[in-house]
Amino acid sequence: WLDLVAIGTVADVVPLLGENRLLVSKGIKSLRFSKRTGLLSLMNVAGLKKHSINTFDVSFGIAPRINAAGRLESPQIALNLLRTKSEFEAGYISQELDDINRKRQRITQEMHALAQKEIDEDRILLSIIHEDFTSGLVGLVSAKLTEFYYRPSIVGYRGEEFTRASCRSIPEFHITKALDKCEHLLIRHGGHAMAAGFTVANENVDELLKEIEKIAREEINLESLKPKITVDLEYPLRSLPEGILEELDQLEPLGAMNSEAVFLSRNVEVKHAKMVGRDENHLKLWLKDGNMTYDGIAFNQGYWGKVGLKIIDIVYAVERNHFNGKITKQLRIKDLKPSN
């Protein structure tokens with residue numbers, strides 16, 4: 001069962017320390033040699049290479065497709081995949097899960113776009129309750145809002161009598177403790193410092209949001225509210241070891257409380273930059289430092305493409321880029337700024 005233990009542990013964002021780390025480490029090895037018909041088929045549909053699968057592949061390839069069934073349809077679909085021994089049935093269900101996941105992505109994007117239009121960006125706590133939302137996806141939208149604006153957020157689905165909502169927060173604000181102070185208005189609630197959920201009668205929604213906003217204003221200083229990135233090592237880009245990917249592999253399995261290595265390099269030359277993606281919201285970079293050149297991708301930072309970058313400082317992780325059967329180093333840039 002180690003392969004399924006690894007998937008469940010990674011998908012549930014459990015801290016990869018102690019026995020969890022050991023279980024996932026052995027579970028990933030088990031996944032690479034898995035004979036489960038359903039998992040093999042799902043890996044194939046997700047475009048994953050079985051022999052090199054890692055926690056990143058589980059987080060962004062396997063888990064979303066399994067979870068999508070419960071969010072939009074029935075979790076029984078995913079269970080059937082894990083139980084089947086028929087290659088035909090496995091292939092059919094894997095494709096069905098992939099289709100459901102694409103539908104989940106589309107609906108999440110639509111909900112996120114609506115939320116961004118209707119939220120009040122002047123508030124410390126962002127909130128939107130809507131009858132057209134899909135209840136299984138409100139947590140994903142809340143996470144996107146919190147990541148983009150770096151503020152706690154509440155996103156909920158309003159039913160006929162009750163509203164069911166999910167919350168995401170930041171280190172400066174313990175969202176579940178805030179809900180504890182409002183429990184007289186709630187039917188049920190639960191969670192931890194960074195994420196929570198609750199059910200509330202529709203007639204109490206407005207009062208609840210006012211109270212939580214008041215608590216947030218007492219605890220958060222909006223002027224000093226800035227996201228932070230922890231850098232593990234400042235290092236010249238030109239000096240990155242040839243075998244750095246193999247060295248970084250030794251840190252696996254990566255995940256909660258055991259995150260990927262993050263580097264800072266200064267005075268890097270931008271040879272070329274191009275906005276990419278359907279909405280040109282990402283930035284593709286070709287970088288040079290000394291005699292070394294690297295490809296880089298900066299997700300959700302396409303706006304830099306209009307600036308005319310020349311010499312920049314970058315915070316990044318180093319990863320493998322699979323393209324046309326070749327594996328090359330790629331810098332996944334978390335943040336950048338023009339060098340002083």
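To start, this report covers the structure provided alongside it.

Calculation notes
Residues numbered from 1 in each chain as written. Predicted model: local features only at pLDDT ≥ 70, side-chain atom pairs only at ≥ 80, totals over all residues. Heavy atoms only, no water. Helix = DSSP H or I, 4+ residues; strand = E, 2+ residues; numbered from the N terminus. Expected span 1.5 Å × (residues − 1). Bend = angle between axes of the 7 residues up to and from the residue. Buried < 20%, exposed > 50% of the residue type's maximum accessible area, 1.4 Å probe, protein only. Contact = heavy atoms within 4.5 Å. Axes fitted to C-alpha atoms, helices over the stretch in contact; angles between N-to-C directions. Nonpolar A, V, L, I, M, F, W, Y, C, P; charged D, E, K, R; others polar. Pairing = 2+ DSSP bridges. Salt bridge = Lys/Arg side-chain N within 4 Å of Asp/Glu carboxyl O. Core = buried A, V, L, I, M, F, W, Y, C linked by side-chain atoms within 4.5 Å. Polar contact = N/O pair within 3.5 Å; in protein donor to acceptor, adjacent residues only side chain to side chain. Phe/Tyr/Trp six-rings, centres within 6.5 Å; stacked < 30°, edge-to-face > 60°. Arc of directions from axis to C-beta.

Turning to helix H4 (residues 55–72), a few remarks are in order. Over its 18 residues, H4 runs 24 Å from end to end, which matches the ideal 26 Å to within 8%, given 1.5 Å per residue. Where H4 bends most, at Ala-63, the angle is about 45°, and the proline Pro-64 comes one to four residues later. Among all positions in H4, only Thr-55, Asp-57, Val-58, Gly-61, Ile-62, Ala-63, Pro-64, Arg-65, Ile-66, Ala-68 and Ala-69 are buried. If you follow the buried residues of H4, they end up packed against helix H1 (2–11), helix H2 (18–32), helix H3 (37–45), helix H5 (75–83) and helix H6 (87–118).

Contact geometry of H4 with H5 gives a least axis separation of 6 Å together with a crossing angle of 145°. Contacts from Ile-66, Ala-69 and Gly-70 in H4 reach Pro-75, Ile-77 and Ala-78 in H5. Residue composition of the contact of H4 with H5, grouped by class: five nonpolar, one polar and no charged.

Two strands in a sheet stick together by hydrogen bonds in their backbones, pointing the same way (parallel) or opposite ways (antiparallel). One open sheet holds the five strands; their spatial order is E1-E2-E3-E5-E4, and the pairing between them is mixed. Unpaired on one side and paired on the other, strand E1 (126–130) and strand E4 (188–191) mark the two borders of the sheet. Adjacent strand axes in the sheet meet at a mean angle of 15°, parallel and antiparallel pairs treated alike. As defined by bridge partners, E1 adjoins strand E2 (residues 153–158) across five bridges and the pair is classed as parallel. Among the inter-strand pairings, Leu-126 is bridged to a residue of E2, identified as Ser-153. Packing against the sheet, helix H7 (residues 138–149) makes contact with E1, E2 and strand E3 (162–168), and its axis sits at approximately 155° to E2. Packing of helix H9 (residues 205–219) onto the sheet brings it into contact with E1, E2, E3 and strand E5 (195–201), and relative to E5 it is tilted by some 145°.

Turning next to the pattern of salt bridges. Considering all chains together, one arrives at 20 salt bridges under this definition. Close ionic contact of Glu-213 with Arg-123 constitutes a salt bridge, the shortest N to O distance being 3.8 Å. One end of the pair, Glu-213, is in helix H9; the other, Arg-123, is in the loop between H6 and E1, with 90 residues separating them in the sequence. Judged by its relative accessible area of 6%, Glu-213 is buried. Using a relative accessible area of 27% as the deciding quantity, one classes Arg-123 as partly exposed. Note that Lys-337 is salt-bridged to Asp-313, the shortest N-O span being 3.3 Å. Highlighted residues: Lys-337 in strand E11 (residues 326–338) and Asp-313 in strand E10 (residues 311–323), separated in sequence by 24 residues. Given the relative accessible area of 36%, Lys-337 is considered partly exposed. Note on Asp-313: relative accessible area 6%, which makes it buried.

Here the focus is the nonpolar core. Counting 26 residues, the largest nonpolar core has Ile-154, Phe-173, Phe-198 and Leu-208 as its most contacted members. Mapped by element, the contributors of at least two residues to this core are E3, helix H8 (175–180), E5 and H9. When residues of this core are assigned to their parent elements, the largest contribution, six residues, is made by H9. Residues within four places of Phe-173 in sequence aside, it is in contact with Leu-125, Pro-152, Ala-178, Ala-193, Ile-212, Ile-215, Ala-216, Glu-219 and Ile-220.

This part is about the side chain of Asn-202. Inspection of the secondary structure puts Asn-202 in the loop between E5 and H9. Polar contacts involving the side chain of Asn-202 include one to the main-chain carbonyl oxygen of Glu-160, which spans 3.2 Å.

What is expected of a backbone is that most residues other than glycine have negative phi and most peptide bonds are trans. The omega angle of the peptide bond from Glu-252 to Pro-253 is 0°, so this bond is cis rather than trans. As for its placement among the helices and strands, Pro-253 is situated in the loop between helix H10 (244–249) and strand E7 (263–276). Unlike most non-glycine residues, Glu-280 shows phi in positive territory, near 55°. Tracing the backbone through its elements, the reader meets Glu-280 in the loop between E7 and strand E8 (282–289).

Time to look at the packing of aromatic side chains. Enumeration over the complete set of coordinates arrives at four aromatic pairs. With centroids separated by 4.9 Å and ring planes inclined at 80°, the aromatic side chains of Phe-148 and Tyr-149 adopt a geometry described as edge-to-face. The exposure class assigned to Phe-148 is exposed, which follows from its relative accessible area of 55%. Accessibility expressed as a relative area gives 16% for Tyr-149, which makes it buried. On the basis of an interplanar angle of 40° and a centroid distance of 5.9 Å, the ring pair of Tyr-303 and Trp-304 is categorised as tilted. Using a relative accessible area of 51% as the deciding quantity, one classes Tyr-303 as exposed. Residue classification places Trp-304 among the buried positions, given a relative accessible area of 17%.

For the rest of this paragraph, the subject is H5. Owing to its 3.6 residues per turn, the α-helix aligns residues three or four sequence positions apart on the same side. Among all positions of H5, only Ile-77, Ala-78 and Leu-81 are buried. Down the axis of H5, the sector holding all buried residues measures 95°, keeping them to one side. In H5, the exposed residues that point more than 90 degrees away from the buried face are Pro-75 and Arg-83. Where H5 is buried, its residues touch H3, H4 and H6.

Function-wise, these values are silent; they only describe arrangement.
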